Amino acid sequence: MYSIQEVSRRTGLSTHTLRFYEKEGLLTGVERSVGGFRQYSDEDLETLGLVCCLKNTGMSLREILQFVQLTREGEHTLKERVALLQEHRENVIRRISEMQKHLDKVTWKLNYYSEKLKEYQTGKQEKK
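**Concerning the state of the cysteines**
Counted under the stated rule, the structure contains 0 disulfides. For the unlinked cysteine Cys52, the closest cysteine sulfur is that of Cys53, found at 8.8 Å. Judged by relative accessible area, which is 42%, Cys53 ranks as partly exposed.

**Considerations on the layout of surface pockets**
The computed volume of the largest pocket comes to approximately 290 Å³. If you tally residues by element for the lining of the largest pocket, the top one is helix H3 (residues 42-56), at 6 residues. Within the lining of the largest pocket, the residues separate by chemical class into 6 nonpolar, 3 polar and 4 charged.

**As for a nonpolar patch on the surface**
A surface patch of nonpolar side chains, amounting to about 370 Å² of accessible area, comprises Trp108, Tyr112 and Tyr113. Looking at the secondary structure, you find Tyr113 in helix H5 (residues 78-126).

**Here we look at helix H2 (residues 15-24)**
Those residues of H2 that sit buried are Leu18, Tyr21 and Glu22. End-on view of H2: buried residues confined to an arc of 100°, all on one side of the axis. Opposite its buried face, H2 presents the exposed residues His16 and Lys23, each directed more than 90 degrees away. Of the surrounding secondary structure, the elements contacted by the buried residues of H2 are helix H1 (4-11), strand E1 (31-32), strand E2 (38-39), H3 and helix H4 (61-73). Once H2 ends, the next one or two residues include Gly25, with phi positive near 90°.

**Observations concerning the pattern of salt bridges**
Opposite charge on two side chains permits pairing when their charged atoms draw close. Enumeration according to the criterion identifies 2 salt bridges in this entry. Measuring nitrogen to oxygen at the nearest pair gives 4.0 Å for the salt bridge that ties Arg32 to Glu22. Note that Arg32 is positioned in strand E1 and Glu22 in helix H2, a separation of 10 residues in sequence. Ionic pairing is found between Arg38 and Glu22, a salt bridge with its closest N-O pair at 2.6 Å. Of this pair, Arg38 sits in strand E2 while Glu22 sits in helix H2; the two residues are 16 residues apart in sequence, bridging distant segments of the chain. Glu22 sits in the buried class, given a relative accessible area of 18%. One network of salt bridges, in which partners are shared, links Glu22, Arg32 and Arg38.

Definitions and limits used
Residues numbered from 1 in each chain as written. Predicted model: local features only at pLDDT ≥ 70, side-chain atom pairs only at ≥ 80, totals over all residues. Heavy atoms only, no water. Disulfide = S-S within 2.5 Å. Buried < 20%, exposed > 50% of the residue type's maximum accessible area, 1.4 Å probe, protein only. 1 Å grid on protein atoms, 1.4 Å probe; cavity = no way out; pocket = protein on both sides within 12 Å on 5 of 7 lines; lining within 4 Å. Points joined across faces, edges and corners; volume = space filled by probe spheres on them. Helix = DSSP H or I, 4+ residues; strand = E, 2+ residues; numbered from the N terminus. Nonpolar A, V, L, I, M, F, W, Y, C, P; charged D, E, K, R; others polar. Patch = residues over 30% accessible without salt bridge, like charges linked within 9 Å, V, L, I, M, F, W, Y side chains within 5 Å. Areas by Shrake-Rupley, 256 points an atom, 1.4 Å probe, with all protein chains shown as cover. Salt bridge = Lys/Arg side-chain N within 4 Å of Asp/Glu carboxyl O. Arc of directions from axis to C-beta. Contact = heavy atoms within 4.5 Å.

Below, the structure is given as structure tokens:
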């Protein structure tokens, strides 16, 4: 079992975010100690890992909650979960392609201006 501070350190999520995810239903069943402190399990960490992965790849919290709820409902929702993940994967691939195009343009501009800078510096030194 892990304290909220330990989970925060392991996941990089703030304690506020962890509480928010619990309040919103993204993470349920977090046990409490006798003193009322949250105690996270390895399964909770696994769920948080998936939530973070989906969020960091652009899935909305609403969609993540839908996925998590389907997971809790059991195996009869597997088809819906697969469909959600396939659609999300296609969106991620599309965004990566767009970002690659942007990166290519930035790289081209960097090379262009780096060459201009070299020419400028060389010309400036020759004038001395």
